[in-house]
2 protein chains.
Amino acid sequence: MKGQTMAAIAAVEAHLGANGRLPLNVKFLIEGSEEIGSRNLRELIREQRERLACDCCLNVDSGLSSPEVPEIKYALRGNARMDLTVLGPRADVHSGTFGGTIHNPAQALCELIAGMHDEHGRITLPGFYDRVRALEPGEREELARLARDERHFLEATGVPALWGEPGFTPYERTTARPTVELTAIEAGPTGGGAMSIVPARARASFLMRLVPDQDPEECRQSMLRYLEAHAPADIGWELKYVAGVRASLFDRRGPGVAALQRALQAAWGVPAAFARMGGSIGAVSHLHEEMGVATLLTGFGAPDSNIHGPNERLHIPTWRKGIAALTRFFAEAATG
Amino acid sequence: MKGQTMAAIAAVEAHLGANGRLPLNVKFLIEGSEEIGSRNLRELIREQRERLACDCCLNVDSGLSSPEVPEIKYALRGNARMDLTVLGPRADVHSGTFGGTIHNPAQALCELIAGMHDEHGRITLPGFYDRVRALEPGEREELARLARDERHFLEATGVPALWGEPGFTPYERTTARPTVELTAIEAGPTGGGAMSIVPARARASFLMRLVPDQDPEECRQSMLRYLEAHAPADIGWELKYVAGVRASLFDRRGPGVAALQRALQAAWGVPAAFARMGGSIGAVSHLHEEMGVATLLTGFGAPDSNIHGPNERLHIPTWRKGIAALTRFFAEAATG
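Basis of the calculations
Residues numbered from 1 in each chain as written. Chains lettered and ligands numbered in written order. Predicted model: local features only at pLDDT ≥ 70, side-chain atom pairs only at ≥ 80, totals over all residues. Heavy atoms only, no water. Least-squares fit on C-alpha atoms with pLDDT ≥ 70 in both. Contact = heavy atoms within 4.5 Å. Phe/Tyr/Trp six-rings, centres within 6.5 Å; stacked < 30°, edge-to-face > 60°. Helix = DSSP H or I, 4+ residues; strand = E, 2+ residues; numbered from the N terminus. Buried < 20%, exposed > 50% of the residue type's maximum accessible area, 1.4 Å probe, protein only. Polar contact = N/O pair within 3.5 Å; in protein donor to acceptor, adjacent residues only side chain to side chain. Patch = residues over 30% accessible without salt bridge, like charges linked within 9 Å, V, L, I, M, F, W, Y side chains within 5 Å. Areas by Shrake-Rupley, 256 points an atom, 1.4 Å probe, with all protein chains shown as cover. Salt bridge = Lys/Arg side-chain N within 4 Å of Asp/Glu carboxyl O. Pairing = 2+ DSSP bridges. Buried area = accessible area lost by both parts, 1.4 Å probe. Nonpolar A, V, L, I, M, F, W, Y, C, P; charged D, E, K, R; others polar.

You can overlay chain A on chain B at an RMSD of 0.1 Å; the transform is a turn of 180° with a shift of 0.0 Å along its axis. In short, the pair behaves as if placed about a two-fold rotation axis. A share of 99% of the interface residues of chain A reappears at the interface of chain B, consistent with the copies meeting face to face through the same patch.

As structure tokens, then:
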């Protein structure tokens, strides 16, 4: 969604073009490593915290449930990335000579993965849900008013039926509940080859989505305890922690929120909705943890913008409304 | 093991060099598609059955349990190859936006694979064991005398412990019992990438090793019935049958066997052992089924020859003994 960052820049340019100056101080923090976990950003923020000092941050990296209603996001999920490798024979071996007498590491990996959720879709890793903060009273009703209902998720993905943790709506499951997602798995010759082997190793990548007050390191420990309890003695395994950030939850009456509400309402003609976001933005988490500063999180991506997928896109008229709203926001924020 | 084919050619050359002629008629049938299932060979044999007419076939594509004892193989496992694809969202989707509300196809594939064996390593596909022929009385004792014991399998693979169907020795499990082996699995970005997606699809390749009297097509049906019973309604799936051959089991008193016994004993100084082979050789199966002709199956690969793996190799002194034995075999077979 780099096009959304351009909307913020366009709003700054609008002020500079019209008045030769901005109505308030703006500092840019630009990073290029978000998709690989913002690993070095945290240290940079710590080192530069005096230069970065501010009342609030503005981040334009989220989407809309409906193009007709602007949104302010007050919650982001955190994440924890880890890779699991299961080790079998020291090299690929002939399946006719050794198959059936050694535990196939790809099969063992599948067995471990299958056990990470129960038959209802609830995560079984020990202690994984211990710190999960429940939704506030009234919050479920408020979120239910957003357009992301069951039909939205069915249409956006094309799956024949939805799936997930019982007791929560699809939108709650994707924003206010944690997940353990298998993002990649690999063993043996890929690309449809027909080698007659038992592979020497199998690898899986996991991306956990975390909610307040889960801690990425504690979630790694949950995975580790699960593996220690369930990995069979006839294989080897290695768990490698890649990166992680905590979830963020902001005060809906914090600095800049009222200004952003006024600006969005002016551009769309309807009041902005408060929503949770299912994704993770390392910068938001790190700015919060290192500087105690809250981020105003908004954005203009339509539900069908296919983020992180092929043909990712922005709806141009909605994007133009976004530029107008952000231009107005700078003026509103300057007047308090 | 193309070096073993060269041993047979060297034996023919030895006769031609010494006497200018062979003591019996030899026809060569050379194929290059064994590793991808010998798909076109069967039709060729059917078309050319008159030109290929013979008393017996000689195939030098097997190995030895110990370099000190020559072996004649009287049983080969068949196989059935199939690919399973599990279909999720129509494209890769963002794991923060959709994860937790749709069934991850890679996870669903792992769940299906995990259910294909019970906790003891026995295959659960409906009807899979129905036609499996039991070992003959006395056969288990005979096979137990071969050097492929538990320690052999541990040392050859380097795994911390063996695995497999209860009630059978490791050697029996790899030669006289059927298996369902996962040879490859693939979903999401491979190569260790950290994309934040739920993959659109996941693919697994299976190689079943079959024993008499299993039928590859019936085994495909077993897999299909398992999938129809266990695949959840929230994903799509496709099972593609690739290729298969039936197992072979030959009479230990059939044509040419006594000549091969004499020749092997002359070269090694000890009697040849009868053994089963865990792999599959499409040519042996097709010649048996299309022409009713038995194959004399021997070979000189050491247990550590690492067949189908990296650094596959032959032990040169054993290979030379093999050339001597095959040279003698042509003479012995000519005298009856």
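Now that the structure has been shown, we can carry on.
The tally for this structure, following the rule as stated, stands at 10 aromatic pairs over all chains. Considering the side-chain rings of Phe-98 of chain A and Phe-153 of chain B, the 6.0 Å spacing of their centres and the 85° angle between planes classify their relative orientation as edge-to-face. Placement of the pair is Phe-98 of chain A in helix H4 (residues 95–98) and Phe-153 of chain B in helix H6 (residues 150–157), with the two residues belonging to separate chains. Across the pair, Phe-153 of chain B and Phe-98 of chain A agree in class, each one buried. Here the aromatic rings of Trp-268 of chain B and Phe-300 of chain B are separated by 5.8 Å at their centres, their planes lie at 25°, and the arrangement is stacked. Residue Trp-268 of chain B is located in helix H9 (residues 257–268), and its partner Phe-300 of chain B is located in the loop between strand E11 (295–297) and helix H11 (316–335); the two are separated by 32 residues in the primary sequence.

Our next topic: the side chain of Gln-107 of chain B. Inspection of the secondary structure assignment puts Gln-107 of chain B in helix H4 (residues 105–114). Engagement of the side chain of Gln-107 of chain B in a polar contact is seen with the side chain of His-117 of chain A, the distance being 3.3 Å. The residues touching Gln-107 of chain B, leaving out its near neighbours within four places in the chain, are Ile-113, His-117, Trp-163, Val-180 and Leu-182 of chain A.

So, about a nonpolar patch on the surface. Taken together, Ile-9, Val-26, Phe-28 and Ile-30 of chain B make up a surface patch of nonpolar side chains, about 370 Å² in accessible area. Locating Ile-9 of chain B in the fold gives a position in helix H1 (residues 2–19).

A separate point is the pairing of strand E10 (residues 273–277) of chain B. Residues and elements named next belong to chain B. Counting buried positions along E10 yields 5 of 5 residues, so the element is predominantly enclosed. Here E10 shows no split at all, with Ala-273, Ala-275 and Met-277 on one side and Phe-274 and Arg-276 on the other all buried. Looking at chain direction, strand E2 (residues 71–76) and E10 are connected through 5 bridges and run parallel. Within E10, the position partnered with Leu-76 by the bridge is Met-277.

Inspection of every chain in the model, using the stated rule, returns 37 salt bridges over all chains. Ionic pairing is found between Glu-332 of chain A and Arg-262 of chain A, a salt bridge with its closest N-O pair at 2.5 Å. Placement of the pair is Glu-332 of chain A in helix H12 (residues 316–335) and Arg-262 of chain A in helix H10 (residues 257–268), with a sequence separation of 70 residues. For Arg-262 of chain A, a relative accessible area of 35% gives the class partly exposed. One salt bridge in this structure joins Arg-122 of chain B and Glu-165 of chain B, with 3.3 Å as the shortest N-O distance. Here the residue Arg-122 of chain B occupies a position in the loop between H4 and helix H5 (139–144), and Glu-165 of chain B occupies one in the loop between H6 and helix H7 (170–175), the gap between them amounting to 43 residues. A relative accessible area of 36% means that Arg-122 of chain B is categorised as partly exposed. Among the charged side chains, a network of salt bridges with common partners joins Arg-42, Arg-46, Asp-215, Arg-246, Glu-289 and Glu-290 of chain B.

Here the focus is the interface of chain A and chain B. Think of interface size as the accessible area that goes away when the parts come together; that is how it is often given. Across the contact, 77 residues belong to chain A and 76 residues belong to chain B. Of the roughly 6400 Å² buried at the junction of chain A and chain B (both faces included), carbon and sulfur atoms supply 55%. Linking chain A with chain B are 0 salt bridges. Counting the contacts that link chain A with chain B gives 28 residue pairs in polar contact (both at pLDDT 80 or more). Secondary-structure elements contributing two or more residues to the side of chain A that touches chain B are H4, helix H5 (105–114), helix H7 (150–157), helix H8 (170–175), strand E5 (179–187), strand E6 (197–198) and strand E7 (201–210) of chain A. Broken down by element, the side of chain A that touches chain B gets its largest block of residues, 9 residues, from E5 of chain A. A per-class count over the side of chain A that touches chain B returns 32 nonpolar, 30 polar and 15 charged. Of the pairings in the sheet, the one linking E5 of chain A to strand E5 (residues 179–187) of chain B comprises 3 bridges and is antiparallel in character.

Don't take any of this as a statement about function, it's just geometry.
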